[in-house]
Amino acid sequence: MTLDRTLAGPPAADLPAAPAPPSRRTTPAQWASQSLTMAWRSLVQIKHNPSELLDLSIQPIMFVLLFTFVFGGAIGGSTDAYLQFSLGGLIAQNALFLTVYTATGLATDLQKGTFDRFRSLPIARSAPLSGRIMGDVVRQLWSLVVLLAVGVALGFRITTSPLAVLAAFGLLVAFTVAFSWTSVLLGVLARDPEKVQIYGFTVLFPLTFASNAFAPTQTMPDWLQAWVSINPVTRLADALRGLLVGGPVAANAIATLLWGVAFAAVFGPLAVWALRTRV
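The structure reproduced in this document is the subject of the present report. All residue numbers here refer to positions counted from 1 along the written sequence of the relevant chain. It should be noted that, the model being predicted, local features are given only for residues of pLDDT at least 70 and side-chain atom pairs only at 80 or more, the latter also being counted only at that level, while totals for whole chains, interfaces and linings use all residues. Calculation of side-chain values draws on the structure's entire complement of heavy atoms; hydrogens and water are dropped beforehand.

### So, the overall build of the chain
Under the scheme used here, helices are H or I runs from DSSP no shorter than 4 residues and strands are E runs no shorter than 2 residues, and both carry numbers assigned from the N terminus. On a plain count of helices and strands, the chain comes out with 11 helices and zero strands. On C-alpha atoms alone, the chain measures out to a radius of gyration of 24 Å, which is more than a quarter above the 19 Å that the 2.2 N^0.38 rule sets for 279 residues. Taken along its principal axes, the extent of the C-alpha atoms in the chain is 105 × 40 × 35 Å. For the exposure calls, accessible area comes from a 1.4 Å probe over protein chains only, and a residue counts as buried if that area is under 20% of its type's maximum, exposed if over 50%, partly exposed in between. In the chain, which comprises 279 residues, the share counted as buried stands at 45%. In what follows, a contact means two residues having at least one pair of non-hydrogen atoms within 4.5 Å. In the chain, the share of contacts with a sequence separation of at least 24, taken over all contacts with a separation of at least 6, comes to 81%. Within these notes, the globule rule equals 2.2 Å times the number of residues to the 0.38 power, and the radius of gyration is based on C-alpha atoms.

### Digging into the side chain of S35
Here S35 lies in helix 2 (residues 28–48). The contact partners of S35, leaving out residues within four places of it in the chain, are A127, S130, G131 and M134.

### Topic: the packing of aromatic side chains
Pairing of aromatic rings covers Phe, Tyr and the six-membered ring of Trp, with a centre-to-centre limit of 6.5 Å; geometry is then stacked below 30 degrees between planes, edge-to-face above 60, and tilted otherwise. One pass over the structure, following the stated rule, counts 14 aromatic pairs. Look at F63 and F97: their rings are 6.2 Å apart centre to centre, the planes differ by 75 degrees, and that puts the pair in the edge-to-face class. With a gap of 34 residues between them, F63 in helix 3 (residues 51–76) and F97 in helix 4 (residues 79–112) connect regions that are remote in the sequence. For the pair formed by F63 and F97, the shared burial category is buried. With centroids separated by 6.2 Å and ring planes inclined at 25 degrees, the aromatic side chains of F263 and F267 adopt a geometry described as stacked. Here F267 and F263 lie together in helix 11 (residues 250–278), a separation of four residues that amounts to about one turn.

### Points about a nonpolar patch on the surface
To count toward a patch, a residue needs a relative accessible area over 30% and no salt bridge; like charges are then connected within 9 Å, while nonpolar side chains (Val, Leu, Ile, Met, Phe, Trp, Tyr) are connected within 5 Å. The protein chains shown are the only cover counted for residues, whose accessible areas, like all others here, come from Shrake-Rupley with a 1.4 Å probe. Should a side-chain nitrogen of Lys or Arg be within 4 Å of a carboxyl oxygen of Asp or Glu, the pair is scored as a salt bridge. A cluster of nonpolar side chains, namely L54, I58, M62, L66, V70, F71 and I75, defines an oily patch on the protein surface of about 630 Å² accessible area. Tracing the backbone through its elements, the reader meets V70 in helix 3.

### Overview of helix 10 (residues 232–245)
The end-to-end C-alpha separation of helix 10 is 20 Å, in line with the 20 Å expected for 14 residues at 1.5 Å each. Of the surrounding secondary structure, the elements contacted by the buried residues of helix 10 are helix 4, helix 6 (127–154), helix 7 (162–189), helix 8 (193–209), helix 9 (222–228) and helix 11. Nitrogen and oxygen atoms within 3.5 Å of one another constitute a polar contact, given that in protein one can donate a hydrogen and the other can accept it, and given that sequence-neighbouring residues count only through two side-chain atoms. A distance of 2.9 Å separates the backbone nitrogen of V233 from a side-chain oxygen at the start of helix 10, and that oxygen is part of N231. Phi turns positive one or two residues past the end of helix 10, at G246, with a value near 100 degrees. Expected helix span is given by 1.5 Å per residue-to-residue step, counting one fewer step than there are residues.

### Overview of the packing of helix 4 against helix 6
Helix axes use the C-alpha atoms of the stretch in contact, all axes being lines fitted to C-alpha atoms, and the angles between their N-to-C directions lie in the range 0 to 180 degrees. Between helix 4 and helix 6, the shortest axis-to-axis distance is 9 Å and the interhelical angle comes to 155 degrees. Classified by the angle between their axes, helix 4 and helix 6 sit roughly antiparallel to one another. Helix 4 and helix 6 meet at a crossing whose hand is right-handed. Side-chain classes are defined by residue name, with Ala, Val, Leu, Ile, Met, Phe, Trp, Tyr, Cys and Pro counting as nonpolar, Asp, Glu, Lys and Arg as charged, and the others, Gly among them, as polar. Here the residues of the contact of helix 4 with helix 6 are counted per class, giving 15 nonpolar, seven polar and five charged. Should an angle fall under 35 degrees it is taken as roughly parallel, and over 145 as roughly antiparallel, whereas 65 to 115 is taken as roughly perpendicular and any remaining angle as oblique. By definition, turning the near helix anticlockwise from the far helix through less than a right angle yields a left-handed crossing, and turning it clockwise yields a right-handed one.

### Considering helix 2
The first and last C-alpha atoms of helix 2 sit 31 Å apart over 21 residues, in line with the 30 Å expected at 1.5 Å per residue. Of all the residues in helix 2, the buried ones are Q34, S35, M38, A39, S42 and I46. Axial view of helix 2: buried residues confined to an arc of 155 degrees, hence all on one face. Turned more than 90 degrees away from the buried face of helix 2 sit A29, L36, T37, W40, K47 and H48, all of them exposed. In this description, the arc belongs to the directions extending from the helix axis to the C-beta atoms.

### A short note on the packing of helix 2 against helix 6
At a closest axis distance of 7 Å, the pairing of helix 2 and helix 6 adopts a crossing angle of 50 degrees. Between helix 2 and helix 6, the angle falls in the class oblique. Note that helix 2 runs across helix 6; the crossing there is right-handed. Contact with helix 2, carried on its side by W31, Q34, S35, L36, M38, A39, R41, S42, L43, Q45 and I46, involves A127, P128, S130, G131, R132, M134, G135, D136, V138 and R139 of helix 6 and no other residues of that element.

Structure below.
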């Protein structure tokens, strides 16, 4: 009898309890800290891939030069006049195009199994997603500075106040952070980074070019003007023009922020849900 008990081992009550799985409940402060850590991870990657920083610099310069000197005379009458009109639109377009980096980075992490490792950590599900967006904000600011510097070198003149310029920076960052949730969803759904480029530009090209970013709304057909007037890129471009060179700001800025809230409210939860179902 004693031998049987010995072989059976100690009673179940004496066995050590299994460790509890890590909790995913996080406070807002913990979520912010986790997201910042993930943002830093995203930015450190530039150190190991310097060509990414070159892309962030070359693309804005290329767009400014091409649109100013190729289309400036035909659309604006002169390159100087067109540059005063188009730079706000170029900033808006470039900001949306840069959100593709968010989707590409997420698709790469998912393909390499990085999110499988994140899943084992006691962090919020949304922290890797929001961290990626925060890291890309720095990329956005760098690209914006490059655009403004090149524009000024070509003859663009800011005719408002420094406070208005800071407001333009803030509005652009606020909208692109909200819009980035669209790219986050795309990056989670895409099975490989190459498809992100195809799907991303399929969405972004109609959105940016069917706006008044590069040509005045009144020069377009009536049926197109109806969409252009409410297009979020149009609203953002007009708000940036008002803040940088003067003109109406309040209505366009409010419409831009409302569009941003709508993008985040719809695509943010969908992105988190898609990540949970995939990993």
